[in-house]
Amino acid sequence: TVIHDLVSTPVDVVKQRMQLRGSQTLYGRGIAACAASVLREGGVRAFFISYPTTVSMNVPVFAAYFATYERVKKLVAPHLAFSTRRPDGTL
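Residues numbered from 1 in each chain as written. Predicted model: local features only at pLDDT ≥ 70, side-chain atom pairs only at ≥ 80, totals over all residues. Heavy atoms only, no water.

Asker: Just to check I follow, could you spell out helix α1 (residues 2-21) for this structure?
Answerer: For an α-helix, 3.6 residues make a turn, and residues three or four places apart therefore share a direction. The end-to-end C-alpha distance of α1 is 28 Å, a good match for the 28 Å that 20 residues give at a rise of 1.5 Å each. Along α1, the helix axis deviates most sharply at serine 8, where the bend reaches about 30°; the proline proline 10 sits within four residues downstream. Taken together, the buried positions of α1 are Asp5, Ser8, Thr9, Pro10, Val13, Val14 and Met18. (Helix = DSSP H or I, 4+ residues; strand = E, 2+ residues; numbered from the N terminus. Expected span 1.5 Å × (residues − 1). Bend = angle between axes of the 7 residues up to and from the residue. Buried < 20%, exposed > 50% of the residue type's maximum accessible area, 1.4 Å probe, protein only.)

As structure tokens, then:
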């Protein structure tokens, strides 16, 4: 999640700027022009200003997701659930 957010946060910044300001009016040349404009206006920091918020939102969500996934996996397919036991039954 933390690594994923390092990639997705700058992409979201560019996407949101293009949506809010209009992709044709200010950024007629596309994504690269928008990214360059963000870099000029706010520096590298502008791409990551929302990173702490994104991580604080995604960490609990993904923790709940994987906990639920593991629980459902144990209920639906117990033979696929991770076990630390060896085939002879010892730990």
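After that view, the rundown keeps rolling.
Asker: Would you explain helix α2 (residues 31-42) in this entry?
Answerer: Compared with the 16 Å implied by 1.5 Å per residue over 12 residues, the 16 Å span of α2 between its first and last C-alpha is a close match. Within α2, the full set of buried residues consists of Ala33, Cys34, Ser37 and Val38. Down the axis of α2, the sector holding all buried residues measures 140°, keeping them to one side. Across α2 from its buried face, at more than 90 degrees, point the exposed residues Ile31, Ala32 and Arg40. Against the buried residues of α2 lie α1 and α3 (45-48). Looking one or two residues beyond α2, the residue adopting positive phi is glycine 43, at roughly 75°. (Arc of directions from axis to C-beta. Contact = heavy atoms within 4.5 Å.)

Asker: Can you help me understand the environment of serine 50 in this one?
Answerer: Along the polypeptide, serine 50 turns up in the loop between α3 and α4 (51-76). On the basis of relative accessibility, which here comes to 29%, the residue serine 50 falls in the partly exposed class. Taking the C-alpha atoms as reference points, serine 50 and proline 10, separated by 40 residues in sequence, lie 9.0 Å from one another.

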